[in-house]
Amino acid sequence: MKGYGYFGMTFFCLSVFMGSTGAQLQMGFYSSSCPNAEKIVQDYVNRHIHNAPSLAAAIIRMHFHDCFVRGCDASVLLNTTSSSNQTEKLAAPNLTLRGFDFIEKVKSLLEAACPAVVSCADIVALVARDAVVATGGPFWRVPTGRRDGTISRSSEALSNIPPPTSNFTNLQTLFANQGLDLKDLVLLSGAHTIGISHCSSFTTRLYNFTGVGDQDPALDSEYAANLKARKCRSLNDNTTIVEMDPGSFRTFDLSYYSLLLKRRGLFQSDSALTTNSATLSFVKQLLNGSLQNFFAEFANSMEKMGRINVKTGTTGEIRKHCAVVNS
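Predicted model only: the values in this text are computed from it and were never measured. Going along each chain's sequence as written, the residues are numbered from 1 onward. With the structure being a predicted model, the display of local features is reserved for residues of pLDDT at least 70 and the display and counting of side-chain atom pairs for 80 or more, all residues being used for whole-chain, interface and lining totals. Only hydrogens and water are set aside; all other atoms, that is, all heavy atoms of the structure, feed into the side-chain values.

Peer 1: Just to check I follow, could you spell out the packing of aromatic side chains for this structure?
Peer 2: Here the distance between the centres and the angle between the planes together describe a pair of aromatic rings. Note on aromatic pairs: the rings of Phe, Tyr and Trp (six-membered ring only in Trp) are paired at centre separations within 6.5 Å, and the planes decide the class, stacked below 30 degrees, edge-to-face beyond 60, tilted for the rest. Throughout the structure, instances matching the rule amount to 13 aromatic pairs. Measuring from ring centre to ring centre gives 4.5 Å for Phe64 and Phe68, while their planes differ by 40°; the resulting arrangement is tilted. The exposure classification of Phe64 matches that of Phe68, with both residues buried. An aromatic cluster of at least three residues, connected via ring pairs, comprises Trp140, Phe252, Tyr256, Tyr257, Phe294, Phe295 and Phe298. Charge-over-ring contacts are defined here by two conditions on Lys NZ or Arg CZ: a distance within 6 Å of the ring centre and an angle within 35 degrees of the ring normal. The ring of Phe100 carries the charged tip of Lys89 above its face, separated from the ring centre by 4.4 Å. In this scheme, a residue with accessible area under 20% of its type's maximum is buried, one over 50% is exposed, and one in between is partly exposed, where area comes from a 1.4 Å probe on protein chains only.

Written out as structure tokens, the structure is:
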């Protein structure tokens, strides 16, 4: 997600912030210490992702939620061990995260091959990429060398992860806090092309938008009526699952952006992309371009996100089990 005009200026201003954070990552970091590490990850993904293809979206979401809190350090994987400190896992944005067992299984295979070498943070980054590729989505480079964090706080997840109710200003601020610009915002939102959501993330738009039992006027009325009749039949529905890109949610394509222009983005944060002239212009630019162009642009933003505030060198640790810090 990078570009011209406003995007270019934002990227320039934030490049200093990003520069020191991801600089020590490198392609093939484990080529000497665990030569088969990336093949072990890829082979496991390729063998198992087709049993649960929706995990591709789930793990890319996990990667996103991890990187937005203390950087890409696998802090989102840690279990709560005391009542005095609830970890990120228990924060509202993460209660519907899935894929923890999948990550832990990959970790166990890597521990068997190369004990205490490959970080959980790198595993999340690699699995996210390999799962998307295995289900027909874009490839992106994943430089490695991340180390695992030892701190995880639910309060930080709540304050840093953009909620689905975000307006444009909130999205811009939360992305800029991570060194990401408006182009990154549009492109990373494009992962919703393979997303699914629980009704609870958007039913306020259908039933009580301003607190008086009304509907969000920014949501296409026919689409809203269909959601009410067939999917989310009440404000209190917390279990029904809805495709974010209806009819195409298993395919990594541009149709998510087409839906935005039809006022059929599921979340307020989706429709918010059409309320700013710069992001709206970039959405239209993506739709006028090729799928290959979208894949290339998305790849750039994913690699950039994967470098946010990473721990390298002697910072952090290499966890033995992804859900607990080393004793």
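There's more to say after this.
Peer 1: Sorry, what's going on with the packing of helix H3 (residues 55-67) against helix H14 (residues 291-305) here?
Peer 2: Axis lines are fitted to C-alpha atoms, over the contacting stretch for helices. Their N-to-C directions set the angle, which ranges from 0 to 180 degrees. Working definition: helices are DSSP H or I runs of at least four residues, strands are E runs of at least two. Numbering for both runs from the N terminus. Following both chains from N to C, one finds H3 and H14 inclined at 45°, their axes separated by 10 Å at the closest point. Judged by the angle between their axes, H3 and H14 are oblique. Contacts from Ile60, His63, Phe64 and Cys67 of H3 reach H14 at Phe298, Met302 and Met305. Here the contact of H3 with H14 is built from residues that sort into six nonpolar, one polar and no charged. Here the word oblique covers every angle except those under 35 degrees (roughly parallel), over 145 (roughly antiparallel) and from 65 to 115 (roughly perpendicular). Contacts are assigned to residue pairs with any non-hydrogen atoms lying within 4.5 Å of each other. Amino acids are sorted into nonpolar (Ala, Val, Leu, Ile, Met, Phe, Trp, Tyr, Cys and Pro), charged (Asp, Glu, Lys and Arg) and polar (every other residue, Gly among them).

Peer 1: Please clarify how the pattern of salt bridges should be interpreted in this entry.
Peer 2: As a working rule, side chains carrying opposite charge can pair if their charged atoms are close by. Throughout this description, the term salt bridge denotes a Lys or Arg side-chain nitrogen within 4 Å of a carboxyl oxygen of Asp or Glu. Per the stated rule, a full pass over the model turns up 15 salt bridges. The shortest N-O distance in the salt bridge between Lys39 and Asp43 comes to 2.6 Å. With Lys39 and Asp43 both in helix H2 (residues 37-48), this residue pair falls four residues apart, about one helical turn. Lys39 sits in the partly exposed class, given a relative accessible area of 48%. Exposure remark for Asp43: the relative accessible area of 26% places this residue in the partly exposed category. The structure contains a network of salt bridges with shared partners spanning Arg70, Arg153 and Glu156.

Peer 1: What is the right way to read helix H8 (residues 182-189) from this model?
Peer 2: One turn of an α-helix holds 3.6 residues; hence residues three or four places apart share an orientation. Of all the eight residues making up H8, eight are buried; the element is thus mostly covered by neighbouring parts of the structure. All of the buried residues in H8 are Leu182, Lys183, Asp184, Leu185, Val186, Leu187, Leu188 and Ser189. Sitting at the head of H8, Asp181 places a side-chain oxygen 3.1 Å from the backbone nitrogen of Lys183. Identification of polar contacts relies on pairs of N or O atoms within 3.5 Å, with a donor-acceptor requirement for protein atoms, meaning one able to donate a hydrogen and the other able to accept it, and with residues adjacent in sequence counted only if both atoms are side-chain atoms.

Peer 1: Looking at this model, I keep getting lost on the state of the cysteines. Mind explaining?
Peer 2: Among covalent bonds in proteins, the disulfide is the one between the sulfur atoms of two cysteines. A pair of sulfur atoms, both from cysteines and within 2.5 Å, is called a disulfide here. Under the criterion given, the structure shown has four disulfides. Covalent S-S linkage joins Cys34 and Cys114, the inter-sulfur distance amounting to 2.0 Å. On the sign convention where negative means left-handed, the S-S torsion of about 75° between Cys34 and Cys114 marks this disulfide as right-handed. Highlighted residues: Cys34 in the loop between helix H1 (6-19) and H2 and Cys114 in the loop between helix H4 (100-113) and helix H5 (120-134), separated in sequence by 80 residues. The class of Cys114 is buried, set by a relative accessible area of 11%. One disulfide in the model links Cys120 with Cys322; its S-S distance is 2.1 Å. Here the S-S torsion is close to -95°, and the disulfide linking Cys120 with Cys322 is therefore left-handed. Of this pair, Cys120 sits in helix H5 while Cys322 sits in the segment after H14; the two residues are 202 residues apart in sequence, bridging distant segments of the chain.

Peer 1: Sorry if this is basic, but what is going on with the environment of Arg61 here?
Peer 2: Mapped onto the fold, Arg61 is located in helix H3. The class for Arg61 is partly exposed, based on a relative accessible area of 30%. Taking the C-alpha atoms as reference, Arg61 lies 23 Å from Leu261; in sequence the two are 200 residues apart. Excluding anything up to four places from it in sequence, Arg61 contacts Pro93, Thr96 and Leu97. In terms of polar contacts, Arg61 uses its side chain to reach the backbone carbonyl oxygen of Pro93, at 3.1 Å. A distance of 3.1 Å separates a polar atom in the side chain of Arg61 from a polar atom in the side chain of Thr96.

Peer 1: Help me out: how do you make sense of the nonpolar core in this one?
Peer 2: Take the buried residues of types Ala, Val, Leu, Ile, Met, Phe, Trp, Tyr and Cys, join any two whose side-chain atoms come within 4.5 Å, and each joined set is a nonpolar core. Formed by 79 residues in total, the largest nonpolar core has its most connected members in Leu77, Ile103, Val127, Tyr257 and Phe294. Of the residues forming this core, the biggest block, eleven residues, is contributed by H5. Excluding anything up to four places from it in sequence, Tyr257 contacts Val186, Leu187, Gly190, Val283, Leu286, Leu287 and Phe294. By size, the runner-up hydrophobic cluster in this structure holds twelve residues, among which are Phe202, Ala224, Val242 and Phe267.

Peer 1: It is not clear to me how unusual backbone geometry should be interpreted in this structure. Could you clarify?
Peer 2: Most of the time, phi is negative for any residue but glycine, and the peptide bond is trans. With phi around 60°, Arg70 is a residue other than glycine that occupies positive phi space. Along the polypeptide, Arg70 turns up in the loop between H3 and H4. According to the relative accessible area criterion, Arg70 is partly exposed, its value standing at 27%. In this structure, Ala116 takes a positive phi of about 60° despite not being glycine. Tracing the backbone shows Ala116 in the loop between H4 and H5. You can call Ala116 partly exposed: its relative accessible area is 41%.

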